[in-house]
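Letter by letter, the chains look like this.
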Amino acid sequence: MHSSPSRFANTQHRLSHAAGVGVETMRLYQPRSLLPIPEVADAYRRYPVQLSESIRFVKRARDLGFSLAAISSSPDAHEAAHL
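As a starting point, this report considers the structure included with it.

What counts, and at which threshold
Residues numbered from 1 in each chain as written. Predicted model: local features only at pLDDT ≥ 70, side-chain atom pairs only at ≥ 80, totals over all residues. Heavy atoms only, no water. Salt bridge = Lys/Arg side-chain N within 4 Å of Asp/Glu carboxyl O. Helix = DSSP H or I, 4+ residues; strand = E, 2+ residues; numbered from the N terminus. Buried < 20%, exposed > 50% of the residue type's maximum accessible area, 1.4 Å probe, protein only. Arc of directions from axis to C-beta. Contact = heavy atoms within 4.5 Å.

## Describing the pattern of salt bridges
1) Next: In the structure shown here, the tally under the stated rule is two salt bridges.
2) Next: Here Glu-53 and Arg-56 are joined by a salt bridge, their closest N and O atoms 2.7 Å apart. Separated by three residues within a single helix, Glu-53 and Arg-56 lie in helix α3 (residues 51-63), roughly one turn from each other.
3) Next: A salt bridge links Asp-63 to Lys-59, with the nearest nitrogen and oxygen atoms 3.5 Å apart. You can see Asp-63 and its partner Lys-59 sitting in helix α3, four residues apart, about one turn around the helix.
4) Next: By relative accessible area, Asp-63 is classed as exposed at 52%.

See the structure below:
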């Protein structure tokens, strides 16, 4: 059975690629509540498409010199992580 490409559009690998970060970066953000820990379906973690915006927000804040602790305490980061 052939799967459609959109079936895996929200996997960790595809989302990290769309957001311009590595999978390791996403794993670093999750325990700090900067990204939600997703449900697992069909042995794949599924992420909302709009989560790429949250990842880019955190990446940009890091590029500007903010620590992960400072970013995670930001109301904007908390809201973005729980879309």
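Back to the write-up after that little detour.
## Considering helix α1 (residues 12-19)
1) Next: Residues of α1 that are buried: Gln-12, Leu-15, Ser-16 and Ala-19. In a view along the axis of α1, the buried residues occupy a sector of 100°, so they form one face of it. In α1, those exposed residues whose orientation departs by more than 90 degrees from the buried face are His-13 and His-17.
2) Next: Looking at the buried side of α1, the elements it contacts are α2 (23-29), β2 (44-45) and α3.

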